[in-house]
Amino acid sequence: MCPEKERRARHAVNNPVPVNILLVDDQPANLLALETVLEKLDETLISVTSGEEALRKVLGTDFAAILLDVRMPTMSGFETARLIRTHPRSSRTPIIFLTAAPDDPNFPVDEAYALGAVDYLTKPIVPAVLQAKVSFFVDLYRKTADLARIERERHMAALNEKDARIRLLLGNIKDYAFVVTDVDGRISEWEGGAEEITGWRAVDAIGQSAAILYLPEDCLSGRPEIEMAEAKDNGRSEDKRWHARKDGSRFYADGVTIALNDAQGQLRGFTKIFRDATAAKQAADDLRMSEERLRQSRERVKLATEAAGLGVWLWDAPTGLITWENDRLNQALGIPPLEASTIAAEFARRFLHSEDAPAFLQALEDMTYSGAVFHLQARVSGPAKEPRWLEFSGLRQRTSAGDMQVLGMAADITARKQVEQREREAAAEAFAAAEANAKFRTFFDQGSYFAGVMALDGTIIEANRLCLEACGFTREEVVGKKFWDCGWWNRSPELMDMVRSGYMEAVAGNTFKRETVYFVADGSQRFIELILAPVTDSMGRVLYVAPTGTDVTDRKRAADDLRRLAADLAEADRRKTEFLATLAHELRNPLAPLQNGLEIMRLAADNPEVVGRTRDMMERQLAHMVHLVDDLLDVARITRGKVHLKKEKVELKNVVASAIETSMPQIQACGHQLVTQLEEASLLLDADPTRLSQIISNLLNNAAKYTSRGGRIILSACRENNEIAITVTDNGVGIPPEMLPTVFEMFTQVSQNLNQAQGGLGIGLTLVRRLTELHGGTITAASAGSGKGSSFTVRLPFAQAREERPAPTNKPVVPIGNSGRRVLVVDDNSDVAESLSALLQVGGYTTRVANDAMQTFEMAREFMPEVVFLDIGMPGMNGYEVARALRKTPGMEHVVLVALSGWGNENDRSRSRAAGFDEHLTKPAGLAAVNRLLSKLSWSHDSASTG
């Protein structure tokens, strides 16, 4: 044994680690006695008073011995021992039973030993005996532990030695990477050339998933899991594919994944062995691509020559033989097939025109000595009146043996020669015609159309003044160029192709017409009605092509504008029709309960409870109708710019409270939960508090309408830099993505979500947006889609802190009721007039009713009213005219005139004041409004009288 091990052994003998001894007795005095006797052993004594506690201790702690009282109240020592033996940790722990009945013949000794007891002691216990027995089991426990430790150390040393040999072997094999993973694919070993091939160090790779070796697309397709599954099922999974290095680069790996099973066949993990085969893979790919390109090139050459009718020939200089590689030229010219090889001089004599044959042979000779490119146009011999033409071309090259040869092609250019001849003739005729027609030239230049003349090859011969000056081009930029290469078209390859196609159609004798885009010199686009027409002679042969055209830009733009206008008008008409239908529906909805309510009040007049409920219902329906009309009026005023904000510095929380108070009845009626989330800090706004409250209330109402019953609505507000963001969020029906851009447009609700909406004209969000913009703010909508709720966020400028001012003192409102006051009610609608008159009479006023201007004047002279409620919109003589006339009537100079109108913006009120009215009420004038007005007038009148 080495010195260090001997030292540790001596230390262990001299300073043993205390072991655990469990003492179990329900009597504390007995436990104290046991502890007193055994404390001299210097071991760890753990005392418990019941079998249940003893069981809990043995579950988590190893004991050298257990002293167990037999008789305990809840669980006997035998029962406790039986359960202790069932647990693996304590199944072999020595148990010494303690009993107080030494002479009891019924003591179950056999049962005690069957339960694993090694001894039993009777009370009173002799200390020396107890110490001796426990010491024996403590020593036995320590020796057993030492033997187990020595065996573990020996086994680990053998494993470490074997592991070191394997690691030495793997560390010297750098061409292959050896990667070991657990059953879940987590890397546990990183050996061989793994670091050199992948760039991952062992310290970084171990513990990660083997998926780090795979490309992202392979990870998404589950390739690592597939390989492990195949290896698990088949023992191995071979794989050749691209893998990923740590730096993101790729390498091609040739490898195998092998399942690692233990002796019992249980899967313990996997090993992946692979090598970097990138170079071999790239070489194979390059070779395959090269072969494919060569094959495709040969195919293209073959197709091109076949399609073009080209004859391919090869001339061998040493032998003078010409070999034809195909027979396309023979077919095209109708000459008999040539022999496989023909002497060049024989070919020239038999098939070429006698005047061109020497030139053919001379060109071959020149190429032989000077290396010049072979190029020759020659006629084919034959009886035809018009000769056929061949164009020969070729290049000199050397064979592998060093001999010189010429590889060339021959094309039939007869048609081209004929065209060139006709062009020359046409050019001569055109020149003669141009000289002879000076008057036509003047007309040509002064015309209101773009006009030109081009040769049959597409070259512009002439262009009139409008072609040049109107487009900003010079004559040099046009004449002499191909028509499609001119500045009108050359900014767009598509336009050039279109014009070239039209030119070819005109050359074929057809007229080409197209409305298309063209360019002027500054690069801007315009539209032209282009015509390319053939100019023919008396025999019908095409001599020129005449391009003409008319600029239709203004006409086209006007037509486009007209189409857009028509589409806009159609959309506006559709929306108007849908809106009117919705308006009729929304106004009809409250009319039915109002009508029913009147009938109920008539039939149940003697039932106060029924009448009261009916009156409440009618008030709600009437308020709903008033709200609809107010929204319509607000939108109309904003659209015409007639709304003027009354801005002041306001606390947002006060405005929010007002808005919630307005919207809470509808929210509660729908069974929704409203959550408010406002910053505790002061949020100041420079805003019209009434309109701002209207914005928030409309958003809350919108959320309530489009959220199924029992939904959740969140109203939040916070400061974001120099803005205050107010957001209303719901978990309702949501907004489809295609509707988000138009959700704030007028009447959008009409065609969307009608089955979820609970009334409304689809103008609430329009009103919110326009009121927000009047405040200098913005509003946005967001939704994850149908059925996923929505949120609307209003952002308004943050205002600096204001100076505190004392709040104005509200004057008390005097209830309606001034006995004897004379009030005249004027309205062409008798029901409106009579109902207001009845309301005033209930308040103690003396009233009269007039339904037109003449009755008003007569009643005023007879009745001498103190207050006149006067409808503005009467037929014949309107309310403004009646008011002016009353002011001139003797005795009526100081009468209080109150205007009644369906319009109530500032301009309407200003016009009323100008006509002589003292006050302005907007219909329908409810009890509260009349009460406030008359109370104020009565208070003012009384004050004046008192003064």
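Residues numbered from 1 in each chain as written. Predicted model: local features only at pLDDT ≥ 70, side-chain atom pairs only at ≥ 80, totals over all residues. Heavy atoms only, no water.

Quick note on the threshold: UniProt positions are given in the numbering used here, feature names are shortened, and annotations may be inferred rather than shown by experiment.
The name that an unreviewed UniProt entry assigns to the protein chain is histidine kinase, with the source organism given as Noviherbaspirillum saxi. As stated in UniProt under Catalytic activity (unreviewed entry), the record for the protein chain gives "ATP + protein L-histidine = ADP + protein N-phospho-L-histidine." Its UniProt record gives the protein chain a comment under Subcellular location (unreviewed entry), which states: "Cell inner membrane".

So, a nonpolar patch on the surface
Basically, it comes down to this: Patches here: salt-bridge-free residues with over 30% relative accessible area, like charges joined within 9 Å, nonpolar side chains (Val, Leu, Ile, Met, Phe, Trp, Tyr) joined within 5 Å. Per-residue and other accessible areas follow the Shrake-Rupley method at a 1.4 Å probe size, with only the shown protein chains counted as cover for residues. Here, a salt bridge means any side-chain nitrogen of Lys or Arg that lies within 4 Å of a carboxyl oxygen of Asp or Glu. Helix and strand labels come from DSSP, where a helix needs a run of H or I of at least four residues and a strand needs a run of E of at least two; each type is numbered from the N terminus.
Together, Leu562, Leu565 and Leu569 make up an exposed nonpolar region whose accessible area comes to about 310 Å². By the secondary structure assignment, Leu569 is in helix α19 (residues 553-603).

Structural notes on the sheet that holds strand β4 (residues 95-99)
So the rule is basically this: When DSSP finds at least two bridges between two strands, those strands are taken to pair. In this analysis, axes come from line fits to C-alpha atoms, helices being fitted only over the stretch in contact, and the angle between any two N-to-C directions falls in the range 0 to 180 degrees. By the convention used here, residues are in contact when the closest approach between their heavy atoms is within 4.5 Å.
Taken in spatial order, the five strands make up an open sheet running β2-β1-β3-β4-β5, and their pairing is parallel. Lying at the two open borders of the sheet, with one neighbouring strand each, are β2 (44-48) and β5 (117-122). The sheet shows a mean angle of 20° between the axes of neighbouring strands, direction not considered. Against the sheet, helix α4 (residues 77-86) makes contact with β3 (65-69), β4 and β5, and its axis sits at roughly 170° relative to β4, the strand it touches most.

Digging into the UniProt feature "modified residue: 4-aspartylphosphate" (unreviewed entry) in the protein chain
The sites that UniProt annotates as "modified residue: 4-aspartylphosphate" (unreviewed entry) are Asp69 and Asp871. With residues up to four places along the chain from it excluded, the contact list for Asp69 reads Val24, Asp25, Asp26, Gly77, Leu98 and Lys123. Among the secondary structure elements, Asp871 is positioned in strand β31 (residues 867-871). If near-sequence neighbours (up to four positions away) are discounted, Asp871 is found in contact with Val826, Asp827, Asp828, Gly879, Leu900 and Lys923.

Considering the sheet that holds strand β10 (residues 267-276)
Judged by pairing direction, the sheet is antiparallel, and its five strands sit side by side in the order β7-β6-β10-β9-β8 without closing on themselves. Edge positions in the sheet fall to β7 (187-192) and β8 (236-244), since each has one partner strand and no second. Sheet twist, expressed as the mean angle between neighbouring strand axes with direction ignored, is 25°. Most of the contacts of helix α10 (residues 223-234) go to β8, to which it runs at about 165°, and overall it touches β8, β9 (250-261) and β10.

Re the confidence of the model for the protein chain
The cut-off we apply is this: pLDDT is a residue-level measure of predictor confidence that goes from 0 to 100.
With 81% of its residues at a pLDDT of at least 70, the protein chain reaches an overall mean of 80. Of the regions scoring below 50 in pLDDT, residues 939-947 engages in four contacts with residues more than four places distant in sequence or in other chains.

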